[in-house]
Structure formats: C-alpha cells, structure tokens
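Analysis of the macromolecular model
Each chain, written out:
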Amino acid sequence: MEAGERTFSRSHSLQLICILLVVCHIALVGSDVLDTSTSQREFKEFRPLYDCEQCRLRKEQVNNSATGVGNHPDEKDIDIIATYTDTSGAVRVSSVKMRDLSASWVWEKPMDSNHGQSKSSQKMEYSFQSEMGSGENVEHSTDEAYAYIAKSKNESNLYNSLMQHSRESQRAIGEANSDAELHPSALDQAKAMGHVLSIAKDQLYDCAMIAMKFRAMLQSTEENVNALKKKSAFLIQLAAKTVPKGLHCLPLQLAAEYYLQGYHKKQDIDKEKLEDPSLYHYAIFSDNVLATSVVVNSTVLHAQEPEKHVFHIVTDKLNFAAMRMWFLVNPPPKATIQVENIDDFGWLNSSYCSVLRQLESARIKEYYFKANHPSSISAGADNLKYRNPKYLSMLNHLRFYLPEVYPNLDKILFLDDDIVVQKDLTPLWSIDLQGMVNGAVETCKESFHRFDKYLNFSNPKISENFDQNACGWAFGMNIFDLKEWKRRNITGIYHHWQDMNEDRTLWKLGTLPPGLITFYNLTYPLDRGWHVLGLGYDPALNQTEIDNAAVVHYNGNYKPWLDLAVSKYKSYWSKYVMYDNPFLRLCNISE
C-alpha cells in the first residue's frame, strides 16, 4: 500500500463506518416491510416508510414504552441488514433489530388515498440540546458533509456537535492501520457518531445538497490521495539517491588507511590468473564497497572450486583506494581479486565512446539536472528518476565494452552490485549459447516487460527495426560470449544506436533499452531459476522462487543497504556482510 493510501485509510475508516450507519436507514430487507408505492416517489422525498400493520404496531410499542406502557415481547421485530468489518478486517453481514435503532428515526404514515396528501408525521422525541458540546469554534472541514450543511443553515449547535464527534472519532482511530489495531472505544465512538449523523440526516435532509457535497468530498479526497502519492514518490526517489552515513564513512576510512599503511605500494598477485581463459571470470562495475563485498563473498562461499574464480572489479577514481583496500585486508578465500580504476582506461575517451561524449555535453547535463525536472514536491516528481546520478556514470555503460576491458578472455559473467549469489554459478560457463552473445533471464510475463515498455515505437527508427512484443530480459547476471561479441561487432552496434539517440527520442534513460537493442535476436534465454528479480521493489514475490534461485536481484529503489529495504528480503543480503569487521564497526554499520 502506498503511504498516501495508508494515511487515507487511517483517517477516514471510522467516518466510512458512520456513513454506513446512515445508509442502514434505507437498507431494510423483506418485501413485506417497504411499501412498493415508495418506489414511485421522487428520490428527494424518500424516507424509510413502513406501510404495514406490523410497522404501525411497532411504532405504537415504542411510543408506549416512552410513556411507561409495557412492551409486547411476542411481537415480531423488523430486521435490518448491516455490513461491517470485524477486528481481523474481514467483511461481515449482520442483522439489527428495529428496537436497537436510535430515537431519531422518523416514522411516516402512508399517503391518504382520500385526500391525496400525507398525514402529519410522528417523531420519537429526542432532546438534542442535552448532548451538545461546548460550542467551541471549529474550522469547517470539507470532510464533513452534514457539518457543512449545518453551518450553511446556521445550525451552530448541530455543527459543533458533529465536529466534536468527528474529532473524537479521529482520536479513537489514532495511528491504527487496520481494524484490529483500533482502540476498544472506537466502536462506541462509531455508534455515537452514527447517532448524531442520524439526527443530522433528519434535520438537514437535502438530497441535492448532500449529493453535491459528497461529489466535492470525493474530488477532494482523490486530489489528496494523488498529492500523497506524488509526495511518496518524491521521498522514495530522494531516499534512494541518498548515501547513508555509514556507507559514506566506510570508503573514507578505508582510503585513509590505504595510504597511511602503504597499501598503495603493493602489487596485485596472481597476474597469470587474470588473463587465463580456462578460469571462471566475473565482471563487477561498482562504486559501492559494501555491496561489492557481498557479491564476492556470496559467490565464493557457494563456489565448489573457489581457487578457479577470478573477480574483475572496476570502480571510479574516488572509490578506487577504498575498494582495493577492502579486498587487500579482506581477501576472499582462495579466489583472485583484481581492482581497477576506470580512469586508467586510456582507450575510453570521447573520441571513441559516443556515450561518454554525450555524457560530457552541456545539453545532457542540462537535461538530467535542470530542464523540465523539478526538484520540489509541489512542482512534481514524475521525472525524478531521470536525475539519478547513476545515469551519468560511465561505470553504468562500461558493460558495453567488455571485450576492450578484457581482450584475452573468451567468456565472462557480468554481475550487478545489488545481487546475492545463492548457488554455485560455474555451470553457466558450460551452457551452449547457440551462437548468441548474451545469456540472460527473460522478464516478460504476458504483456509486461516487452520492448514497447522501454522503446519509443512511435519513432519509425524503432518500429521498423524491432518487434514491440519482443520479450525483454534483465541485466544483473549475464553470461557473455566475448569471442562471438567481437565477431558480430556488438560494441559497434551499440555506438550506432547511441549516436542515433543523441536527442533521446528513441529511449529516455538507462542501459537496459540500448541493451535490448544491441543484443536484439542475440540473447539466449536462461532458465528463470538462475536469476530472480524484484527484491528491490516488489514485496509480494514468491518466497519459494527466491529461496531456490541461484541469484537474487534487488533491482529497484529498495536496496538492501538502505532503510527503504523490504524487511523480509534484507536477510538474504545481510548474512553475507562482515558486521564484525573493524571498519564497519567504526562506521556504525550494523544489522
């Protein structure tokens, strides 16, 4: 449930119960209770009419009981059906006896067939003044339809009573998110509110005005919900982009020790393994030290032969010292680690790399950071994701240059830094990709996650070259055949389409759309059990699929290292974090 929807439910649930109590006035059951002639009346004149001998006797019974006359216990009572929710939140249907109704009910005799006009109605008297509040001044709330009418008709006592009961109802609801969390007094408050609303209905009966007010209430409520949804989206995007204090502290501490202790003078070991195509090679491009450590730790822990696994980590200049320091002092058992700085790749320049040239342009920076992308909640939050810094990071696009980064390798497994490995991944290297370049898990289900979600098919450059119903797939765990990559000039295809999208009319942002284009008809579908996605945004994933997956992926805003994380998924990630590490303790990073 969205934050806005949860707030609406908490603040209005009791009022909706009260409205149901009013609706019960006309929810009588049984054809022998209501006179069929009432259906011919105009709606604005409709009131509960009891054109039967049984109702007349019941009216006399109630009136007599008020004057000390005995009741008739053997007389049949009238049932009214009421709908409500029990403490568990389930919808229930129950019957209410006529004798349990409030004294404000109005009894009307049928039309006199001889005179053509209704006889005078008899009302059960109720001393409204005795239940008045203090009469304090309360600002009008658009959520109170009858209070609005009472105020417009200068019925100040009734208005104050309605507002008082409304406040008491709100207090009874408190911070409850479900009926089971309501205070025991909430039901009594609902009954009291229903009683006052019943009186207001009788005194302020104006169908046209009520309908108009309810329409205004509905529109106002929809606007409030939309505003809360927009606010929620803004805050989620903001929280997703914010680096937690602990994750900001960690690379600073590591970098300081890296230079103070002279680790910058040490050389990488096992250089022969770094280019041995017979080993299992992984590519991880990240600026997040903690997240990268989890990827490596979880992979090595499940590897049957960890000494044959080589991890190639590329980070940026800002985090290079910290990343290298972490794996120098916390090397995974037997596995080989290489940490590189992307700024040391001399071949990766704007003259060769079109996306780098675009990222450095003033127009792109204007697009991502200023133009048409409001930064305040009031201005809007629809395009906040465009301003995520990852879309301006070359680390995010380096995946399209794997043969240039690792020219001597034949196959490599690409891993995102927001994944967790739960099984041995070595069988991936023995999968026959059947001439394809990319082995990935497809994400399409029925009409979801197909090409038309990511690409602009109104542009003929897209519609003439691609099938809008083609199945999408996921980055995050991909086995790439680098020999076939070079043979088919995949990087050249990427450059071609990236140049065509310089004005951003083919797709908006990210690496998945150009990935779908670049590897179109060149992707081999892996079994879904290899890669389960959605732990970063979907709290309703199949738990069995998660437990049985080789890799789980926290794609989305709810990363496991953020407070936003879905709590039931966080343990899959946190069990691979070395919380006893002195650097983590120093930065107060704990479970």
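Just so you know, these numbers come straight off a predicted model, no measurement behind them. (Residues numbered from 1 in each chain as written. Predicted model: local features only at pLDDT ≥ 70, side-chain atom pairs only at ≥ 80, totals over all residues. Heavy atoms only, no water.)

Each helix and strand in the chain was counted, giving 21 helices and 14 strands. In the chain, which comprises 591 residues, the proportion classed as buried is 47%. Of the roughly 30,400 Å² of accessible surface on the chain, a fraction of 50% belongs to carbon and sulfur atoms. (Helix = DSSP H or I, 4+ residues; strand = E, 2+ residues; numbered from the N terminus. Buried < 20%, exposed > 50% of the residue type's maximum accessible area, 1.4 Å probe, protein only. Areas by Shrake-Rupley, 256 points an atom, 1.4 Å probe, with all protein chains shown as cover.)

Turning our eyes to something else, we now look at the state of the cysteines. Overall, the coordinates contain 2 disulfides when judged by the stated rule. Each sulfur in the disulfide pair Cys249 and Cys587 lies 2.1 Å from the other. Residues Cys249 and Cys587 are joined through a disulfide that is left-handed, its torsion about the S-S bond being -70 degrees. In this pair, Cys249 is assigned in helix H7 (residues 245–260) and Cys587 in the segment after helix H21 (582–586), connecting sequence segments 338 residues apart. You'll find Cys249 and Cys587 in the same group, each marked buried. With its sulfur 1.7 Å from that of its partner, Cys444 forms a disulfide with Cys471. Disulfide Cys444-Cys471: the torsion about the S-S bond is -100 degrees, which places it as left-handed. Of this pair, Cys444 sits in the loop between strand E10 (438–440) and helix H14 (451–454) while Cys471 sits in the loop between helix H15 (460–463) and strand E11 (477–481); the two residues are 27 residues apart in sequence, bridging distant segments of the chain. (Disulfide = S-S within 2.5 Å.)

Applying the stated rule across the entire model yields 6 salt bridges. The closest approach of N and O atoms between Glu484 and Arg488, which form a salt bridge, is 3.0 Å. Of the residues examined, Glu484 reaches a relative accessible area of 14% and is grouped as buried. Residue class for Arg488 comes out partly exposed when judged on its relative accessible area of 34%. Where salt bridges share partners, they join Glu484, Arg487 and Arg488 into one cluster. (Salt bridge = Lys/Arg side-chain N within 4 Å of Asp/Glu carboxyl O.)

So, about unusual backbone geometry. Backbone geometry places Lys334, a non-glycine residue, at a positive phi of 70 degrees. Within the secondary structure layout, Lys334 lies in the loop between helix H10 (320–329) and strand E7 (336–341).

Right, let's talk about the nonpolar core for a bit. Counting residues in each nonpolar core, the largest one holds 66 residues, and the members touching the most others are Leu250, Leu413, Leu425, Leu428, Trp530 and Trp573. Other than its neighbours up to four places away in sequence, Leu413 contacts His281, Tyr282, Ala283, Leu425, Leu428, Trp429, Met477, Asn478 and Ile479. (Core = buried A, V, L, I, M, F, W, Y, C linked by side-chain atoms within 4.5 Å. Contact = heavy atoms within 4.5 Å.)

Okay, the packing of helix H9 (residues 289–302) against H10 next. Contact geometry of H9 with H10 gives a least axis separation of 10 Å together with a crossing angle of 40 degrees. As H9 runs across H10, the sense of the crossing is right-handed. Residue-level contacts link Val289, Thr292, Ser293 and Val296 of H9 to Ala322, Met323, Trp326 and Phe327 of H10. For the contact of H9 with H10, the per-class residue count stands at 6 nonpolar, 2 polar and no charged. (Axes fitted to C-alpha atoms, helices over the stretch in contact; angles between N-to-C directions. Left-handed = near helix turned anticlockwise from the far one by under 90°. Nonpolar A, V, L, I, M, F, W, Y, C, P; charged D, E, K, R; others polar.)

Pairing is mixed in the open sheet, where 3 strands are placed in the order E9-E14-E13. Because the sheet does not close on itself, it has two edges, and the strands there are strand E9 (419–421) and strand E13 (531–532). Where E9 and strand E14 (residues 551–553) come together, 3 bridges link them in antiparallel fashion. Bridged to Ile419 within E14 is His553. (Pairing = 2+ DSSP bridges.)

What follows is about the packing of aromatic side chains. Considering all chains together, one arrives at 22 aromatic pairs under this definition. In this structure, Arg399 packs its charged tip against the face of Phe475, placed 4.7 Å from the ring centre. (Phe/Tyr/Trp six-rings, centres within 6.5 Å; stacked < 30°, edge-to-face > 60°. Lys NZ or Arg CZ within 6 Å of the ring centre and 35° of its normal.)

On to the environment of Ile490, then. Inspection of the secondary structure puts Ile490 in helix H17 (residues 490–500). Between the alpha carbons of Ile490 and Tyr401 there is a distance of 8.9 Å; along the sequence they are 89 residues apart. What Ile490 contacts, discounting residues up to four positions off in sequence, is Val437, Trp485, Thr518, Phe519 and Leu522.

With that out of the way, let us pick up the packing of helix H4 (residues 156–173) against helix H5 (residues 186–203). At a closest axis distance of 9 Å, the pairing of H4 and H5 adopts a crossing angle of 155 degrees. By the angle class used here, H4 and H5 are roughly antiparallel. Crossing of H4 over H5 shows left-handed handedness. Within the contact between the two elements, H4 uses Leu158, Ser161, Leu162, His165, Ser166, Glu168, Ser169 and Ala172 and H5 uses Ala186, Gln189, Ala192, Met193, Val196, Leu197, Ala200 and Gln203. Tallied by class, residues from the contact of H4 with H5 come to 9 nonpolar, 6 polar and 1 charged. (Parallel < 35°, antiparallel > 145°, perpendicular 65-115°, else oblique.)

According to UniProt, the positions carrying the feature "coiled-coil region" (unreviewed entry) are residues 211–238. For residues 211–238, helix accounts for 100% and strand for 0%, while the C-alpha atoms at its two ends are 40 Å apart. (UniProt positions renumbered as here; feature names shortened; annotations may be inferred.)

Time to look at the pairing of E7. Most of E7 sits inside the fold, with 6 of its 6 residues counted as buried. In this structure, strand E6 (residues 309–315) lies alongside E7, joined through 6 bridges in parallel fashion. Paired with Ile313 across the bridge in E7 is Val339. Running through H10, the crossover from E6 to the neighbouring parallel element E7 is right-handed. (Right-handed = clockwise from strand over helix to strand, strands pointing away.)

Before going further, it helps to examine the pairing of E6. Burial of E6 is extensive: 7 of the 7 residues sit out of reach of the surface. Covered by surrounding structure in E6 are His309, Phe311, Ile313 and Thr315 together with Val310, His312 and Val314, the residues of both alternating faces. In the sheet, strand E5 (residues 280–285) pairs with E6 via 6 bridges, with the strands oriented parallel. Directly across from Tyr280, in E6, lies its bridge partner His309. Between E5 and its parallel partner E6, the chain crosses via H9, and the hand of that crossover is right-handed.

Attention now moves to the side chain of Asn319. Considering the arrangement of structural elements, one finds Asn319 in the loop between E6 and H10. Here Asn319 is in contact with Pro251 and Asp287, once residues within four sequence places are set aside.

Given a rise of 1.5 Å per residue, 16 residues ought to cover 22 Å, and the 23 Å separating the end C-alpha atoms of H7 matches this to within 8%. If you check which residues of H7 are buried, you get Gly246, Leu247, Cys249, Leu250, Pro251, Leu254, Ala255 and Tyr258. Packing partners of the buried residues in H7 comprise H9, H10 and H21. Gly262, located one to two residues past H7, shows a positive phi value of around 75 degrees. (Expected span 1.5 Å × (residues − 1).)

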